[in-house]
Amino acid sequence: MVRNVQLRLTLKEEAALNGLQIRTAKYLGLEENSFKIKVLRKSIDARKPKIVFNYKLAVYINEPAPNDTLHFEYKDVSKAKPIHIVGFGPAGMWAALRCLEMGYKPIVLERGSNVKARRRDLKAINQDHQVNPESNYCFGEGGAGTYSDGKLYTRSLKRGDVRRIFESLVFHGATDQILIDAHPHIGTNKLPKIVQNIREVIQHHGGEIHFNTKVTDFVIKENRLKAIVLNKTDEIAVERVILATGHSARDIFDLLHKKDIALEAKSFAMGVRVEHPQHIIDNIQYHCSGDRSELLPAASYSLVEQVKDRGVYSFCMCPGGFIVPAATSPGEVVVNGMSPSKRNNLFANSGIVVEINVDKDIPKYEKFGALKGLEYQKNLERLAFTSGGRTQTAPAQRLTDFVEGNLSADLNPTSYQPGLNSAPLHSLLPKLIGSRLRQGFKAFGDKMHGYYTAEANIVGVESRTSSPVSIPRNEKLEHPVIKGLFPCGEGGGYAGGIVSAAMDGERCAEAAMAGL
Ligand code: FAD
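Analysis parameters
Residues numbered from 1 in each chain as written. Predicted model: local features only at pLDDT ≥ 70, side-chain atom pairs only at ≥ 80, totals over all residues. Helix = DSSP H or I, 4+ residues; strand = E, 2+ residues; numbered from the N terminus. Rg over C-alpha atoms; globule rule 2.2 N^0.38 Å. Buried ≥ 20, exposed ≤ 12 C-beta atoms within 10 Å, placed from the backbone. Contact = placed C-beta atoms within 7 Å. UniProt positions renumbered as here; feature names shortened; annotations may be inferred. Pairing = 2+ DSSP bridges. Axes fitted to C-alpha atoms, helices over the stretch in contact; angles between N-to-C directions. Domains from an automatic or database assignment. Nonpolar A, V, L, I, M, F, W, Y, C, P; charged D, E, K, R; others polar. Expected span 1.5 Å × (residues − 1). pLDDT = per-residue confidence, 0-100.

Per an unreviewed UniProt entry, the protein chain goes by FAD-binding protein and derives from Maribacter litoralis.

As structure tokens, then:
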């Protein structure tokens, strides 16, 4: 017999040896060894007065728990019809995997290096302030998803089968804990191996992946994509191309714009990253002082406030994490966040961003047409570069100084490896963003007592939250004018994170294969 059960365990019950088994036995009035448990869902409720662990369980009484080993069937596609995929981020990876499942040969073209070589380039950014425009935190094997936080939370539940992506991640090496946790997370130390496993599966089944291979031009005849140019030299004939180049591939947006291929400006969000000592966030969220219980993960938060008709909200919060330099070209400073699987670093960071309505908020940029949001974004990143000291050192301010309009005499310790430079971000940021952030931070302090503190820094700029450009596509997911071109993932404006990009990759692969 199988019973579905929901239980709440206190910290003490959770800490006890076999605590869940004991509590379940008590709840069902059973002998402790007469059943097997399968955890379906686990979450933590840290609201006052007490922290509880919520469980959803399937309890197998006098019968074994099923062995639901995950399996994905991939075909040998070495001699199959090709689909070309530009970009090997989550969208490109899952497009390629879907091709293997459906018997088509993915040929992936990726401008950056493989995960191993990429590490060298990340070291060069962090230690020598050298940004390689082909291989960095956004470009290279696994895309922006590889050296990311690996939070798998998605709001795109209607866009595809989230569970299938999670199962696929587990199949390729992620812990099966992600199938249970309410806020699943992989961690930047584990992602490269998963990405490498995916590459090996694709190659083993006859797919091709070409690193250091940048698409630099499209050959279009009578509104049909006929060929693509690689590294400015080699032209290869193509029939169907999935364009999964991500939101930082500005040269791709420029190229499409120059070729008069329809693009649209898209609203997006920009702001700063805020960094607190992790213990401050733990103390607020878990109502403790001193160290949190070992059973509790580094605490996170999610904050939102409406300020003068625009949303101000936390984005990509990384408990126990690091702030990283995510620029893709020299001459710009961009920050983002990541964390290891254990989330055991001493800092909590989060993007705090302001919604920007491209049709109303940036009239001076109208002349750039569909690229107006992109130009605005670039401008702010250049400003961060100059005010940071013309290296990857980022401009920063104590949170309270930013809100009160004072230059910080000194800054708090930080996880940001290239270092911080005290700068008057309160006056440097455009009013559209700065004034809303200042009000937003005060309101966040009212919601989370202790959040608004001089012990936090803000670091500029958090500019790559989502694509400021979208590439249109029709109901067949094909560009409405250029036949054979399938805009995909975050760069096209169809995803906002690892899972939604992966789901979009699968959908685009299915669309590209239809009718081939
Ligand atoms: P991308 O991942 O951007 O991949 C695009 C790929 O295309 C890149 O590999 C690039 O090199 C390649 N490319 C670009 N131009 C060309 C060209 N001309 N020719 C050939 N190849 C090209 N999301 C989450 O859901 N959870 C998180 O915790 C999280 N943390 C993040 C932390 C950091 C530091 C960063 C930078 C991002 C984070 N994200 C996170 C966002 C997430 O990584 C992206 O949403 C996701 O990777 C988008 O997938 P994509 O495949 O559409 O594009």
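Asks: What is the right way to look at the overall build of the protein chain in this model?
Replies: Of the regular secondary structure elements, the protein chain holds 14 helices and 22 strands. In terms of overall dimensions, the protein chain is globule-like: its C-alpha atoms have a radius of gyration of 24 Å, near the 24 Å expected for 516 residues. Each principal axis of the C-alpha distribution contributes one length, and for the protein chain these read about 75 × 60 × 40 Å. The buried share among the 516 residues of the protein chain stands at 47%. Taking the intrachain contacts of the protein chain between residues at least 6 apart in sequence as the baseline, contacts between residues at least 24 apart amount to 70%.

Asks: Is there a simple way to think about the UniProt feature "domain: FAD-dependent protein C-terminal" (unreviewed entry) in the protein chain in this case?
Replies: With numbering aligned to this structure, UniProt lists the feature "domain: FAD-dependent protein C-terminal" (unreviewed entry) at residues 267-465. As a span, residues 267-465 carries 27% helix and 28% strand, and end to end its C-alpha atoms are 11 Å apart.

Asks: I would appreciate a short explanation of the sheet that holds strand E9 (residues 234-237) in the present structure.
Replies: In sheet architecture, strand pairing relies on hydrogen bonds along the backbone and comes in two forms, parallel and antiparallel. Read across the open sheet, the 3 strands follow the order E7-E8-E9; overall the sheet is antiparallel. This sheet does not close on itself; its edge strands, each paired only once, are strand E7 (215-221) and E9. Taking the axes of each pair of neighbouring strands and ignoring which way they run, one obtains an average angle of 30° across the sheet. Here E7 runs beside strand E8 (residues 224-230); their pairing, made up of 6 bridges, is antiparallel. Note on E8: the bridge partner recorded for Lys221 is Arg224.

Asks: In this structure, what is going on with the environment of Ser427? I would like to understand it.
Replies: Of note, Ser427 is situated in helix H11 (residues 425-428). What makes Ser427 exposed here is the crowd of 10 C-beta atoms within 10 Å. Taking C-alpha positions, Ser427 is 9.4 Å from Asn406, a pair spaced 21 residues apart along the chain.

Asks: I would appreciate a short explanation of unusual backbone geometry in the present structure.
Replies: Among all residues except glycine, the phi angle is most often negative; among peptide bonds, the trans geometry is most common. Across the junction of Gly460 and Val461, the peptide omega takes the value -10°, indicating a cis bond. By the element assignment, Val461 lies in strand E20 (residues 457-462). Despite not being glycine, Arg343 shows a phi value in the positive range, around 45°. Within the secondary structure, Arg343 sits in the loop between strand E16 (335-338) and strand E17 (347-356). Classification of Arg343 as partly exposed rests on a count of 19 C-beta atoms within 10 Å.

Asks: Teacher, can you tell me more about the pairing of strand E13 (residues 304-307) here?
Replies: Where E13 lies against strand E14 (residues 310-318), 4 bridges are found, and the strand directions are antiparallel. Among the inter-strand pairings, Val304 is bridged to a residue of E14, identified as Tyr313. In this structure, the hairpin formed by E13 and E14 is closed by a connection of 2 residues, where Lys308 is found at a positive phi of approximately 45°.

Asks: In this structure, what is going on with the domain arrangement of the protein chain? I would like to understand it.
Replies: Domain assignment breaks the protein chain into domain 1 (2-61), domain 2 (82-263 + 469-513) and domain 3 (267-370 + 380-462). Each of domain 2 and domain 3 has a C-alpha centre, and the two are 27 Å apart. Contacts between domain 2 and domain 3 engage 21 residues on the former and 21 residues on the latter. Its residues assigned to classes, the side of domain 2 that touches domain 3 comprises 10 nonpolar, 9 polar and 2 charged.

Asks: Please clarify how helix H14 (residues 498-513) should be interpreted in this entry.
Replies: Residue pairs spaced three or four apart in an α-helix point in one direction, given the helix's 3.6 residues per turn. Helix length check: H14 (16 residues) gives 23 Å between terminal C-alpha atoms against 22 Å at 1.5 Å per residue, within 8%. Most of H14 is tucked away: 14 of the 16 residues are buried. Once H14 ends, the next one or two residues include Gly515, with phi positive near 80°.

Asks: Please explain the environment of Ala514 as it appears in this structure.
Replies: Its location among the elements puts Ala514 in the segment after H14. The exposure class assigned to Ala514 is exposed, which follows from the 12 C-beta atoms found within 10 Å. When the C-alpha positions of Ala514 and Ala454 are compared, they lie 57 Å apart, and in sequence the two are 60 residues distant.

Asks: I keep staring at the confidence of the model for the protein chain and nothing clicks. Help me out?
Replies: Detailed reading of the predicted coordinates is not advisable wherever pLDDT falls low. Summarising the model, the protein chain shows a mean pLDDT of 96, and 99% of its residues fall at 70 or more. Complex prediction metrics read pTM 0.96 and ipTM 0.99.

Asks: Whenever I open this one, the sheet that holds strand E6 (residues 208-210) confuses me. Can you help?
Replies: With parallel pairing, the 5 strands of this open sheet are ordered in space as E6-E5-E4-E10-E22. The outermost strands of the open sheet, each flanked by one partner alone, are E6 and strand E22 (485-487). Each strand axis lies, on average, 20° off the axis of its neighbour in the sheet, ignoring direction. Summarising the sheet, strand E4 (residues 82-86) and strand E5 (residues 105-109) pair through 5 bridges and their orientation is parallel. Note that in E5 the partner of Val86 across the bridge is Leu109. Sheet contacts for helix H3 (residues 90-102): E4, E5 and strand E10 (241-243); angle to E5, the most-contacted strand, approximately 160°.

Asks: Even after reading the chapter, I still don't get the pairing of strand E3 (residues 52-61), so can you show me in this structure?
Replies: Successive side chains on a regular strand alternate, one facing one side of the sheet and the next facing the other. Looking at chain direction, strand E1 (residues 2-10) and E3 are connected through 9 bridges and run antiparallel. Considered in E3, the bridge of Gln6 is made with Lys56. Across 10 bridges, strand E2 (residues 35-45) lies against E3 in antiparallel orientation. When the sheet's bridge partners are listed, Lys42 is paired in E3 with Tyr55.

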